[in-house]
Amino acid sequence: MRVLLVGAGGVGTAVTRIAARRSFFEAMVVADYDPARAEAAVAALGGDARFHAERVDANDETAVAALLERHACDVLLNATDPRFVMPLFRAARTASATYVDMAMSLSRPHPERPYEECGVKLGDAQFEDAVEWEKAGLLALVGMGVEPGLSDVFARYAADELFDEIEEIGVRDGANLTVDGYDFAPSFSIWTTIEECLNPPVVYEADRGWFTTAPFSEPEVFDFPEGIGPVECVNVEHEEVLLMPRWIGARRVTFKYGLGDEFIEVLKTLHKLGLDRTEPVAVGDARVSPRDVVAACLPDPATLGERMHGKTCAGTWVKGVKDGAPREVYLYHVVDNQWSMAEYGSQAVVWQTAVNPVVALELLAGGAWKGAGVLGPEAFPAGPFLDLLTAYGSPWGLREQ
């Protein structure tokens, strides 16, 4: 396997550090718009000859396709933010390469009823091309990070191994992370966080299909494992709700994120001021995106590891019936920032995101996962993935509720 990794930020760099310990691939080309970032990611690996740095504009489909062909890469792993999903998705198709991403094509709210009806849903643009990918015998594995990604694998495992009928699947994400020296310092891309938190959240119900609610709706307190404890979680737009019902039978699917009151108030203020907008505005002679300005003013999440303390938890809560009796479980994956920094030099949130696509690539390379079309993680057997994740030194857990 020869991989083109596009994006050498926090997650992309963590991908290289995790992959460097594995032998399943022949080469990994690390490409970024900023060549210094790609070169730094490669240099940190201590001379591993499988890695090579390049510069590429993720928005330039022709250049990305040419880079895939020049290095004879058969896989494109997208580690950029969701703005670049479609050009990279199309470039992989042009070059007849397998495509893997960790977030899907962007949504657009319903123009008249944004908090009741879906407009363009996450991933719609990619699923529109599913037949063409399948006809070509090519695979686009979409939503293969941690959430979406591992959370979807958990749902598949629950459906296959733990339940006869599923009433509800609810992805629940929480953490007790703190960052020394900052009053406000998100542990993940603020651009992506704004996108998913301020868009209308999507909920799925079998008798209604997909529909939307207001941002931060249906608050609940969820007790997270391994010392994290109770965290208030709210509805947030996320890919799992759009992916799981395509392959798993459940009467209801939700995604709730433990944001905290302060984070929610900051996001609401950004929205009130129009600083969440992506369309450029005039500032003197220049035109800039307000959201890009917000991102530039905040610290790079990849640089916060030394100041961070605590754990992050990604997981999938499932309620249903097994052998005629009610059952309720939480399948989860916890990463301690102290461990990920000591072991990989990557902060917990980006490391937890990065490990899952590397596991998926190894399964694709070995043939344990295979397919054609535009497929989510739910379309593949969960057991091999969870076994390999544990073999990577990062075990998962299951708690009866």
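About the thresholds
Residues numbered from 1 in each chain as written. Predicted model: local features only at pLDDT ≥ 70, side-chain atom pairs only at ≥ 80, totals over all residues. Heavy atoms only, no water. Helix = DSSP H or I, 4+ residues; strand = E, 2+ residues; numbered from the N terminus. Buried < 20%, exposed > 50% of the residue type's maximum accessible area, 1.4 Å probe, protein only. Patch = residues over 30% accessible without salt bridge, like charges linked within 9 Å, V, L, I, M, F, W, Y side chains within 5 Å. Areas by Shrake-Rupley, 256 points an atom, 1.4 Å probe, with all protein chains shown as cover. Salt bridge = Lys/Arg side-chain N within 4 Å of Asp/Glu carboxyl O. Axes fitted to C-alpha atoms, helices over the stretch in contact; angles between N-to-C directions. Parallel < 35°, antiparallel > 145°, perpendicular 65-115°, else oblique. Left-handed = near helix turned anticlockwise from the far one by under 90°. Contact = heavy atoms within 4.5 Å. Nonpolar A, V, L, I, M, F, W, Y, C, P; charged D, E, K, R; others polar. Phe/Tyr/Trp six-rings, centres within 6.5 Å; stacked < 30°, edge-to-face > 60°. Lys NZ or Arg CZ within 6 Å of the ring centre and 35° of its normal. 1 Å grid on protein atoms, 1.4 Å probe; cavity = no way out; pocket = protein on both sides within 12 Å on 5 of 7 lines; lining within 4 Å. Points joined across faces, edges and corners; volume = space filled by probe spheres on them.

## Digging into the environment of Glu 128
Here is step 1 of the chain: Relative to the elements of secondary structure, Glu 128 occurs in the loop between α5 (124–127) and α6 (130–135).
Here is step 2 of the chain: Taking the relative accessible area as the measure of exposure, Glu 128 reaches 65% and is therefore exposed.
Here is step 3 of the chain: Sequence separation between Glu 128 and Val 374 is 246 residues; the distance between their C-alpha atoms is 9.1 Å.

## Side note on a nonpolar patch on the surface
Here is step 1 of the chain: Taken together, the side chains of Val 283, Val 288 and Val 293 define a hydrophobic patch exposed on the protein surface, amounting to about 210 Å² of accessible area.
Here is step 2 of the chain: Secondary-structure assignment places Val 288 in strand β15 (residues 286–288).
Here is step 3 of the chain: Residue Val 288 is classed as partly exposed on the basis of its relative accessible area of 31%.

## Some details on the packing of helix α13 (residues 348–366) against helix α14 (residues 382–391)
Here is step 1 of the chain: Taken N-terminus to C-terminus, the directions of α13 and α14 make an angle of 120°; their axes are 10 Å apart at the nearest point. When the axes of α13 and α14 are compared, the pair comes out oblique. Along this stretch, α13 crosses α14, giving a crossing that reads as right-handed. The residues of α14 that touch α13, namely those facing Val 355, Asn 356, Val 359, Ala 360, Glu 362 and Leu 363, are Pro 384, Phe 385, Leu 388 and Leu 389.
Here is step 2 of the chain: When its residues are assigned to classes, the contact of α13 with α14 shows eight nonpolar, one polar and one charged.

## Looking at the packing of aromatic side chains
Here is step 1 of the chain: Under the defined criterion, the tally for this structure stands at 19 aromatic pairs.
Here is step 2 of the chain: Measuring from centroid to centroid gives 5.6 Å for Phe 25 and Phe 51, while their planes differ by 75°, and the two rings are edge-to-face. With a gap of 26 residues between them, Phe 25 in the loop between α1 (10–19) and β2 (27–32) and Phe 51 in strand β3 (residues 51–55) connect regions that are remote in the sequence. Residues Phe 25 and Phe 51 agree in their burial class; the two are buried.
Here is step 3 of the chain: Judged by centre distance (4.7 Å) and plane angle (15°), the ring pair of Trp 369 and Phe 380 falls under stacked. Within this pair, whereas Trp 369 is found in the loop between α13 and β19 (373–375), its partner Phe 380 is found in the loop between β19 and α14, the two being separated by 11 residues in sequence.
Here is step 4 of the chain: For Phe 380, a relative accessible area of 3% gives the class buried.
Here is step 5 of the chain: Geometry around Phe 211 places Arg 208 over its ring, the cationic atom sitting 3.6 Å from the centre.
Here is step 6 of the chain: Of note, Arg 246 hangs over the ring of Phe 127, and the distance from its end group to the ring centre comes to 3.7 Å.

## Description of the side chain of Thr 192
Here is step 1 of the chain: Looking at the element boundaries, Thr 192 is found in helix α8 (residues 190–198).
Here is step 2 of the chain: Not counting residues up to four positions away in its chain, the partners in contact with Thr 192 are Asp 81 and Pro 82.

## Overview of unusual backbone geometry
Here is step 1 of the chain: Here Glu 147 and Pro 148 are connected by a cis peptide whose omega angle stands at 0°.
Here is step 2 of the chain: Within the element layout of this structure, Pro 148 appears in the loop between β6 (139–141) and α7 (150–162).
Here is step 3 of the chain: Of note, Glu 218 is a non-glycine position whose phi angle comes to about 50°, a positive value.
Here is step 4 of the chain: By the element assignment, Glu 218 lies in the loop between β10 (209–212) and β11 (220–224).
Here is step 5 of the chain: The backbone of Glu 226 shows a phi angle near 55°, a positive value even though the residue is not glycine.
Here is step 6 of the chain: Since its relative accessible area comes to 43%, Glu 226 is described here as partly exposed.

## Observations regarding the layout of surface pockets
Here is step 1 of the chain: Empty space within the second largest pocket amounts to approximately 460 Å³.
Here is step 2 of the chain: Along its surface, the second largest pocket is lined by 23 residues, and Pro 109, Leu 198, Asn 199, Asp 276 and Arg 291 are the ones closest to its centre.
Here is step 3 of the chain: Elements that contribute at least two residues to the lining of the second largest pocket include exactly α8 and α10 (261–272).
Here is step 4 of the chain: With four residues, α8 is the largest single contributor of residues to the lining of the second largest pocket.
Here is step 5 of the chain: Residue classes in the lining of the second largest pocket are distributed as 10 nonpolar, four polar and nine charged.

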